[in-house]
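# Summary of the model geometry
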Amino acid sequence: MRYAFFSLCSSGRSRDCKIVGGGTIWFVPRIQFNHSYEYIISLENLLAAWQEFVRGKRQRQDVQEFGLKLMDNVLSLHRDLAAKIYYHGGYQAFNISDPKPRNIHKAMVRDRLLHHALYRVLYPFFDRTFIADSYSCRVGKGTHRALSRFRGFATQVSHNHTRTCWVLKCDVRKFFASIDQAVLMNIVRSYVPDQDIVWLISQIVGSFHLLRVGVGLPLGNLTSQLLVNVYLNEFDQFMKHKLRARYYIRYADDFVVLSRDRLWLEGVLPQLAVFLCSRLRLTLHPDKVSISTVASGVDFLGWVHFPDHRVLRTATKQRMLRRLRENQSQPTLRSYLGLLRHGNAYGLQAAAGRPCQGNRAVLQ
């Protein structure tokens, strides 16, 4: 079923928000980031970031070229940052299809080193501000824990599958390409009092745009992984504290809300759509909004969830078998077998070449 709520976005603003520099920020008490700009750009931090950055990349030509004159390059970057004359370079664009077509933008090594230096200081701070049920690009989280959380929520809401559990499932349309940089920077300012750090983050954020200046973040930047969570944390807080959505899970731009009351889910849908549109300049994908029961199967994070089992999404299953026919290497096989262990896929594991004992065959 499709829900007509996209015309509900309005300029009306709640008393629970504030306007800063043209952007609207959901108001919650903010802890303040207390590291200094000098520490972020220090040689110590830059060199530590280099050691993290080169893991798994030492054979790449651009990394090797930068590493040949490592200290010269790091000192040059440090001097530009200290003098605040640093300018972010351009991007190399390329496309991938895993599983759907995505446009990736890769920055130069010099800039990616700075991304790591900034990320390793910002991430521990911002991670403390996120809700427990945000699972994308976070240490100790990930898809497998999100899947387990969904199963636990479904069991709680349905009273151990004795009552109907309804699930509202939504997807933000063109998420990375739609992020409003001015709104993002206003959110960052509400946490980061040091204007030099704000300037540095703005240099990275403002270095990219797709269709319009001031809109979008590059998929290839490490900092983007953190900043999109900072951006959608506003929405997470709204869902948890304003709408009181206790059984809410978000992974990147996909999220679900579970409830025994379908009418309540239908009521919160326009409210969350308005918040996304008016506060974060985002819209829901009209073809990816649904309310269904767990008993009928809920497609979330590549698996279709039922009360007592989950099976691999048909498209994911077909793509996996096709790739295994094209590439039967052990790393590829182990990767897919690891994926299949998280659901009921004995038959698929057998088809992949090494069945694991103990899983019930559920092929659909």
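The structure presented is a predicted model; accordingly, all values stated were derived computationally and were not measured.

As a further point, take the sheet that holds strand S10 (residues 303-305). Spatially, 3 strands are ordered S9-S10-S11 in an open sheet, and the strand pairing comes out antiparallel. Because the sheet does not close on itself, it has two edges, and the strands there are strand S9 (298-300) and strand S11 (310-312). On average, adjacent strands in this sheet sit at an angle of 30° to one another, irrespective of strand direction. Pairing of S9 with S10, which is carried by 3 bridges, proceeds in the antiparallel orientation. Counterpart to Phe300 in the pairing with S10 is Trp303.

This next bit is on the packing of aromatic side chains. Applying the stated criterion to the full structure yields 16 aromatic pairs. Geometrically, the ring pair formed by Tyr91 and Phe208 is edge-to-face, given 5.7 Å between the ring centres and 80° between the ring planes. Taken together, the residues Tyr91 in strand S3 (residues 91-97) and Phe208 in the loop between helix H9 (195-205) and helix H10 (222-242) connect sequence positions 117 residues apart. When the ring of Phe153 is compared with that of Tyr247, the centres are 5.1 Å apart and the planes differ by 80°; the resulting orientation is edge-to-face. A residue pair is termed long-range when its members are at least 10 positions apart, and Phe153 in helix H6 (residues 143-157) and Tyr247 in the loop between H10 and strand S6 (248-251) qualify at 94 residues. Each residue in the set Phe235, Phe238, Tyr248, Phe255 and Phe275 is aromatic and connected to the rest through ring pairs, giving one cluster. The side chain of Lys141 reaches across the aromatic face of Tyr135, ending 5.0 Å from its centre.

Another aspect to go through is the packing of helix H8 (residues 181-191) against H10. Interaxial distance between H8 and H10 falls to 10 Å at its minimum, and their mutual angle equals 85°. Taken together, H8 and H10 sit at an angle that is classed as roughly perpendicular. From H8, Val183, Leu184, Ile187, Val188 and Tyr191 reach across to H10, where they touch Leu227, Val230, Tyr231, Asn233 and Glu234. Taken together, the residues that form the contact of H8 with H10 break down as 8 nonpolar, 1 polar and 1 charged.

The final tally for this structure, using the stated rule, is 11 salt bridges. Salt-bridge contacts for Glu52 lead to Arg120; the nearest nitrogen and oxygen are separated by 3.2 Å. Taken together, the positions of Glu52 in helix H2 (residues 43-53) and Arg120 in helix H5 (residues 109-127) put the pair 68 residues apart, joining distant regions of the chain. One continuous salt-bridge network, built from bridges that share partners, spans Asp62, Lys106 and Arg112.

A separate point is unusual backbone geometry. Its identity as a non-glycine residue notwithstanding, Ala252 has a phi of 55°, on the positive side. Given a relative accessible area of 22%, Ala252 falls into the partly exposed group. Even without a glycine there, the phi angle at Leu301 is positive, about 55°. Its place among the elements puts Leu301 in the loop between S9 and S10. Assessed through its relative accessible area of 18%, Leu301 is described here as buried.

Spatially, S6-S7-S5-S8 is the arrangement adopted by the 4 strands of the open sheet, whose pairing is antiparallel. Where the open sheet ends on each side, the last strands, each with one partner, are S6 and strand S8 (290-293). Each strand axis lies, on average, 20° off the axis of its neighbour in the sheet, ignoring direction. Here strand S5 (residues 166-171) pairs with strand S7 (residues 254-259) via 6 bridges, running antiparallel. Within the sheet, the bridge partner assigned to Trp166 lies in S7 and is Ser259. Helix H11 (residues 262-280) rests against S5, S7 and S8 of the sheet, and its axis sits at about 20° to S5.

Across the chain, the average pLDDT comes to 86, with 77% of residues at 70 or higher. Segment residues 4-27 is flagged for pLDDT under 50; beyond a separation of four residues in sequence, or across chains, it makes 51 contacts in the model. Segment residues 355-364: pLDDT under 50, and 28 contacts once partners within four positions in sequence are set aside and those in other chains are kept.

Parameters and conventions
Residues numbered from 1 in each chain as written. Predicted model: local features only at pLDDT ≥ 70, side-chain atom pairs only at ≥ 80, totals over all residues. Heavy atoms only, no water. Pairing = 2+ DSSP bridges. Helix = DSSP H or I, 4+ residues; strand = E, 2+ residues; numbered from the N terminus. Axes fitted to C-alpha atoms, helices over the stretch in contact; angles between N-to-C directions. Phe/Tyr/Trp six-rings, centres within 6.5 Å; stacked < 30°, edge-to-face > 60°. Lys NZ or Arg CZ within 6 Å of the ring centre and 35° of its normal. Parallel < 35°, antiparallel > 145°, perpendicular 65-115°, else oblique. Contact = heavy atoms within 4.5 Å. Nonpolar A, V, L, I, M, F, W, Y, C, P; charged D, E, K, R; others polar. Salt bridge = Lys/Arg side-chain N within 4 Å of Asp/Glu carboxyl O. Buried < 20%, exposed > 50% of the residue type's maximum accessible area, 1.4 Å probe, protein only. pLDDT = per-residue confidence, 0-100.

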